[in-house]
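For reference, the chains in residue letters:
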Amino acid sequence: MTHPFTVAVLGPGGTGGLLAALLSRAGHRVVCVARDDTAAALRRTGITVRSPQFGEFTAPVEADTELRGPVDACLITVKHTALDAALTRVPPAALGDALVVPLLNGVEHPALLRARYRPDRVAPAVIRVESTRLAPGVIEHGSPFTELDLAGDAVPRARLDALAAHLRAAGTTVRVAGDETAALWAKMTFLAPFALLTTRYGRPLGEVRTHHRKELEALVAETAAVSRACGGPADPAGAMARYDAFPPGARSSMQRDAEAGRPLELDAVGGALLRAAGRHGVAVPVTARLVRELRGAGH
């Protein structure tokens, strides 16, 4: 008898909790790795999802404060600000041959994970979803879509395809990307201007694209230039069209973190962009000013 496909989820918050519940509902074994209080709550109640795409349902999961046995894949869905502390819950020896699938913002985390785990098992992914943890084990999924790009230049393609098939069968839209750099920078070039401007001005995207349009256009041009220098895609006109098509009330996760007084992923987004620009000699004066102003405001 073959063993069930087993997935660990490190950080079962808005994104991780949604994927954990979907995979469990599809019949897979799911082990959530979290802090004591969250793990205890998940063992008691499972994960309840409220979603326009998937309906309302509750799925049982296993939960622990540390990964203690083998899994097929480990989804890393914590915020970048919590990454170092969270990784202590996933010892390399326990992980073994499993895929490591970070769904984090930014472009620098794959190198960090490859230094800790098997480099040819780190499969960076990008997710497009709006999903919020209301309480431990209670997830509100707001977007009518859940889309993933799964990459990993050194990972055996069969392993990526198998994970993609399980995620698709659970209800998500998944594409296996041929180029890890392109996948990560495609997300970064959209996220960075959106996150930096909505957080800096404390305004939703509709107001930013109207009242701060020149800055938005400048940021889009800068991020596209850095992406191009790093081997990623560059489509400033397409990026502006996407911003204009977005709901006017859209707020970035960085903005929501700022409003809630939580640590910001400023270094993982703005800092990483500045470091990449510096390595390639790309001038990014608007990005540099916004990062400086956000840091000056105590972020």
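Everything that follows concerns the structure shown earlier in this document.
Residues numbered from 1 in each chain as written. Predicted model: local features only at pLDDT ≥ 70, side-chain atom pairs only at ≥ 80, totals over all residues. Heavy atoms only, no water.

**A short note on the overall build of the protein chain**
Piece 1. A count of helical and extended segments in the protein chain gives 13 helices and 12 strands.
Piece 2. C-alpha extents for the protein chain along the principal axes are approximately 60 × 35 × 30 Å.
Piece 3. Within the span of the protein chain, comprising 299 residues, buried residues form 51% of the whole.
Piece 4. Of the contacts made within the protein chain by residues no fewer than 6 positions apart, 71% connect residues no fewer than 24 positions apart.
Piece 5. As displayed, the protein chain offers around 12,600 Å² of accessible surface, 53% of which is attributable to carbon and sulfur atoms.
Piece 6. For the protein chain, the centre of its 35 positive side-chain charges and the centre of its 30 negative side-chain charges are spaced 1 Å apart. (Helix = DSSP H or I, 4+ residues; strand = E, 2+ residues; numbered from the N terminus. Buried < 20%, exposed > 50% of the residue type's maximum accessible area, 1.4 Å probe, protein only. Contact = heavy atoms within 4.5 Å. Areas by Shrake-Rupley, 256 points an atom, 1.4 Å probe, with all protein chains shown as cover. Lys, Arg positive; Asp, Glu negative; His and termini not counted. Charge placed at Lys NZ, Arg CZ, Asp CG, Glu CD.)

**Re the packing of aromatic side chains**
To describe a pair of aromatic rings, you give the distance between the ring centres and the angle between the ring planes.
Piece 1. If you walk through the whole model with that rule in mind, you get four aromatic pairs.
Piece 2. With centroids separated by 4.7 Å and ring planes inclined at 15 degrees, the aromatic side chains of Phe190 and Tyr243 adopt a geometry described as stacked. Residue Phe190 is located in helix α7 (residues 180-201), and its partner Tyr243 is located in helix α10 (residues 236-245); the two are separated by 53 residues in the primary sequence. Each member of the pair Phe190 and Tyr243 is classed as buried.
Piece 3. Their ring planes at 70 degrees and their centres at 6.2 Å tell us that Phe194 and Phe246 sit as a pair that is edge-to-face. On the criterion of sequence distance, the pair formed by Phe194 in helix α7 and Phe246 in the loop between α10 and α11 (253-259) is long-range, its members being 52 residues apart.
Piece 4. Using a relative accessible area of 8% as the deciding quantity, one classes Phe194 as buried. (Phe/Tyr/Trp six-rings, centres within 6.5 Å; stacked < 30°, edge-to-face > 60°.)

**So, the environment of Met254**
Piece 1. On the secondary structure map, Met254 appears in helix α11.
Piece 2. Sequence separation between Met254 and Phe194 is 60 residues, and the spatial gap between their C-alpha atoms is 9.2 Å.
Piece 3. Excluding residues that lie within four positions of it along the chain, Met254 makes contacts with Ala195, Thr199, Leu264, Glu265, Leu266 and Val269.

**Section: empty space enclosed by the protein**
If you roll a probe as big as a water molecule over the atoms, it shows you where there is empty space left.
Piece 1. Counting across every chain of the model gives one cavity of 30 Å³ or more.
Piece 2. Put simply, the largest cavity is a space of about 30 Å³.
Piece 3. Lining the largest cavity, in full, are Asn105, Leu191, Ala195, Ser253, Met254, Glu265 and Val269.
Piece 4. Elements supplying a minimum of two residues to the lining of the largest cavity: α7 and α11.
Piece 5. Here the lining of the largest cavity is composed, by residue class, of four nonpolar, two polar and one charged. (1 Å grid on protein atoms, 1.4 Å probe; cavity = no way out; pocket = protein on both sides within 12 Å on 5 of 7 lines; lining within 4 Å. Points joined across faces, edges and corners; volume = space filled by probe spheres on them. Nonpolar A, V, L, I, M, F, W, Y, C, P; charged D, E, K, R; others polar.)

**Topic: the packing of helix α9 (residues 213-230) against α10**
Helix-helix packing: each pair is described by the crossing angle between the helix axes and the interaxial distance.
Piece 1. Where α9 meets α10, the closest approach of the two axes is 9 Å, and the angle between their N-to-C directions is 135 degrees. Judged by the angle between their axes, α9 and α10 are oblique. The two elements α9 and α10 meet at a crossing, and its hand is right-handed. Here Arg213, Leu216, Glu217, Val220 and Ala224 of α9 come into contact with α10, specifically with Pro236, Ala239, Met240, Tyr243 and Asp244.
Piece 2. For the contact of α9 with α10, the class distribution of residues is seven nonpolar, no polar and three charged. (Axes fitted to C-alpha atoms, helices over the stretch in contact; angles between N-to-C directions. Parallel < 35°, antiparallel > 145°, perpendicular 65-115°, else oblique. Left-handed = near helix turned anticlockwise from the far one by under 90°.)

**Focus: the pattern of salt bridges**
Piece 1. Summed over all chains, the structure comprises 24 salt bridges.
Piece 2. The closest approach of N and O atoms between Arg157 and Asp161, which form a salt bridge, is 2.9 Å. Separated by four residues within a single helix, Arg157 and Asp161 lie in helix α6 (residues 157-169), roughly one turn from each other.
Piece 3. Given a relative accessible area of 32%, Asp161 falls into the partly exposed group.
Piece 4. Arg289 is paired through a salt bridge with Glu293; the nearest N and O atoms lie 3.3 Å apart. With Arg289 and Glu293 both in helix α13 (residues 285-296) and four residues apart, this pair spans about one turn of that helix. (Salt bridge = Lys/Arg side-chain N within 4 Å of Asp/Glu carboxyl O.)

**Some thoughts on the state of the cysteines**
In a disulfide, the sulfur atoms of two cysteines are covalently bonded to one another.
Piece 1. With the rule as written, the count across this model stands at zero disulfides.
Piece 2. The thiol sulfur of Cys32 is not disulfide-bonded, and the nearest other cysteine sulfur, from Cys74, lies at 10 Å. (Disulfide = S-S within 2.5 Å.)

**A look at the sheet that holds strand β1 (residues 6-10)**
Piece 1. Read across the open sheet, the five strands follow the order β5-β2-β1-β6-β7; overall the sheet is parallel. Both outer strands of the open sheet, β5 (62-64) and β7 (99-102), are each paired with one neighbouring strand and no more. The mean angle between the axes of side-by-side strands here comes to 20 degrees, regardless of whether they run parallel or antiparallel.
Piece 2. For strand β2 (residues 29-33) and β5, the ladder comprises three bridges, and the chain directions are parallel. Residue Val33 lies in a different strand from β5, and its bridge partner there is Asp64.
Piece 3. Taken strand by strand, helix α1 (residues 14-25) contacts β1, β2 and β6 (73-76), and its axis lies near 160 degrees from that of β2. (Pairing = 2+ DSSP bridges.)

Such coordinate-based values are descriptive only and should not be taken to indicate function.
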